Amino acid sequence: MPGIIGKKIGMTSLFTADGKYTPVTLIQAGPCVVTQVKTVETDGYAAVQLGYGDKKLKRVTKAEAGHYKKANTSAKKKVAEFDTEGVSLNLGDTVDVNLFEEGEFIDVVGTSKGKGFQGVVKRHNFAGVGGQTHGQHNRARHPGSIGACSWPSRVFKGMRMAGRMGGNRVKIQNLTVVRVIADKNLLVVSGSVPGAKNSYVLIEK
């Protein structure tokens, strides 16, 4: 199985066996239920849909309710597809944190924290216009010039400016699994992962 759905619990730190102080992120990984199996014959590609986190049945549409009933499971808060080339899973199977082993590398996909409308200094790491010199006194965090005048008589596409920041799908690659706490479905991974506390993440092997 190439991956699982999880929820970011938060960050802490611990000492590894060799005495190294390591910042880590706690992720509640699964248990996930197989809510749909896609095959090359019927769908054109092989994949499984996993569901994570129970939800009240009244909060889903009738179509979704029938979808979950077919898998003989409750309604789910989060569903995601994973590629399953060479992996055999059946409808209603459970995938849990035992999928992972300590020491292996994983990729984590999440939605970064939204920062709202931000200026160029925060959004693009501009240095600002500089010190209080040459007569300027109110341009410290401004973007500066965005192009010439009569030519090209327009602003080039892709010009870095102020705008909405964050809230993007972000993948962090090659995080190390520091610890697997199977009885609590917890995965302890090195470093940070995108998103706020209690946000959903996809963990890929």
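What you see is a predicted model; the values in this text were computed from it and never measured.

On to the sheet that holds strand S10 (residues 169-181), then. Sheet architecture is closed into a barrel: six strands sit in the order S1-S2-S11-S10-S7-S12, paired in antiparallel fashion. With direction set aside, neighbouring strand axes in the sheet form an average angle of 50°.

Here the protein is partitioned into domain 1 (4-117 + 171-204) and domain 2 (118-165). Each partner contributes residues to the interface: domain 1 has five residues there, and domain 2 has five residues. Summed over both partners, the interface of domain 1 with domain 2 buries about 450 Å², with 57% contributed by carbon and sulfur atoms. Joining domain 1 to domain 2, the criterion identifies zero salt bridges. The interface formed by domain 1 and domain 2 holds four residue pairs in polar contact (both at pLDDT 80 or more) in total.

So, about the nonpolar core. Core analysis: the biggest nonpolar cluster contains 29 residues, and Leu50, Ile106, Leu187 and Ile203 have the highest contact counts within it. Excluding its chain neighbours within four sequence positions, the residues that come into contact with Leu187 are Thr25, Leu26, Ile27, Ala29, Val97, Phe100, Ile106, Val177, Arg179, Val180 and Ile203.

To continue, consider the environment of Asn138. Relative to the assigned elements, Asn138 resides in the loop between helix H3 (120-124) and strand S9 (163-165). Judged by its relative accessible area of 40%, Asn138 is partly exposed. A C-alpha to C-alpha distance of 53 Å links Asn138 and Asn185, two positions 47 residues apart in sequence.

A contiguous patch of positive charge, built from Lys113, Lys115, Lys122, Arg141 and Lys197, is present on the exposed surface. Classification of Lys115 as partly exposed rests on a relative accessible area of 39%.

Further remarks concern the packing of aromatic side chains. Each aromatic ring pair is characterised by the separation of its centres together with the angle its planes make. Using the criterion set out here, one finds three aromatic pairs in the structure. Ring centres of Phe15 and Tyr21 lie 5.2 Å apart, and the angle between their planes is 55°; this geometry places the pair in the tilted category. Comparing Phe15 with Tyr21, the two get one shared label, exposed. Here the aromatic rings of Trp151 and Phe156 are separated by 6.4 Å at their centres, their planes lie at 70°, and the arrangement is edge-to-face. For Trp151, a relative accessible area of 64% gives the class exposed.

The next point concerns the side chain of Thr84. Relative to the elements of secondary structure, Thr84 occurs in the loop between strand S5 (75-83) and strand S6 (94-95). For Thr84, the side chain forms a polar contact with the main-chain nitrogen of Ala47, separated by 3.3 Å. Aside from chain neighbours lying at most four places away, what touches Thr84 is Met1, Ala46, Ala47 and Val48.

Scanning the model with the defined rule gives four salt bridges in all. In this structure, Lys205 and Glu104 form a salt bridge, with 3.8 Å as the shortest nitrogen-oxygen distance. Here Lys205 is found in the segment after strand S12 (200-204), whereas its partner Glu104 is found in the loop between S6 and strand S7 (105-111), with 101 residues between them in sequence. On the basis of relative accessible area, Lys205 is assigned to the partly exposed category, the value being 45%.

Turning our eyes to something else, we now look at unusual backbone geometry. The omega torsion across Trp151 and Pro152 is 10°, close enough to zero to call that bond cis. Secondary-structure assignment places Pro152 in the loop between H3 and S9. The backbone of Asn185 sits at a positive phi, close to 55°, despite the residue not being glycine. Positioned with a positive phi, Asn198 is a non-glycine residue whose angle comes to about 70°. Tracing the sequence through the fold places Asn198 in the loop between strand S11 (186-190) and S12. Using a relative accessible area of 51% as the deciding quantity, one classes Asn198 as exposed.

Criteria and cut-off values
- Residues numbered from 1 in each chain as written.
- Predicted model: local features only at pLDDT ≥ 70, side-chain atom pairs only at ≥ 80, totals over all residues.
- Heavy atoms only, no water.
- Pairing = 2+ DSSP bridges.
- Helix = DSSP H or I, 4+ residues; strand = E, 2+ residues; numbered from the N terminus.
- Axes fitted to C-alpha atoms, helices over the stretch in contact; angles between N-to-C directions.
- Domains from an automatic or database assignment.
- Contact = heavy atoms within 4.5 Å.
- Buried area = accessible area lost by both parts, 1.4 Å probe.
- Salt bridge = Lys/Arg side-chain N within 4 Å of Asp/Glu carboxyl O.
- Polar contact = N/O pair within 3.5 Å; in protein donor to acceptor, adjacent residues only side chain to side chain.
- Core = buried A, V, L, I, M, F, W, Y, C linked by side-chain atoms within 4.5 Å.
- Buried < 20%, exposed > 50% of the residue type's maximum accessible area, 1.4 Å probe, protein only.
- Patch = residues over 30% accessible without salt bridge, like charges linked within 9 Å, V, L, I, M, F, W, Y side chains within 5 Å.
- Areas by Shrake-Rupley, 256 points an atom, 1.4 Å probe, with all protein chains shown as cover.
- Lys, Arg positive; Asp, Glu negative; His and termini not counted.
- Charge placed at Lys NZ, Arg CZ, Asp CG, Glu CD.
- Phe/Tyr/Trp six-rings, centres within 6.5 Å; stacked < 30°, edge-to-face > 60°.

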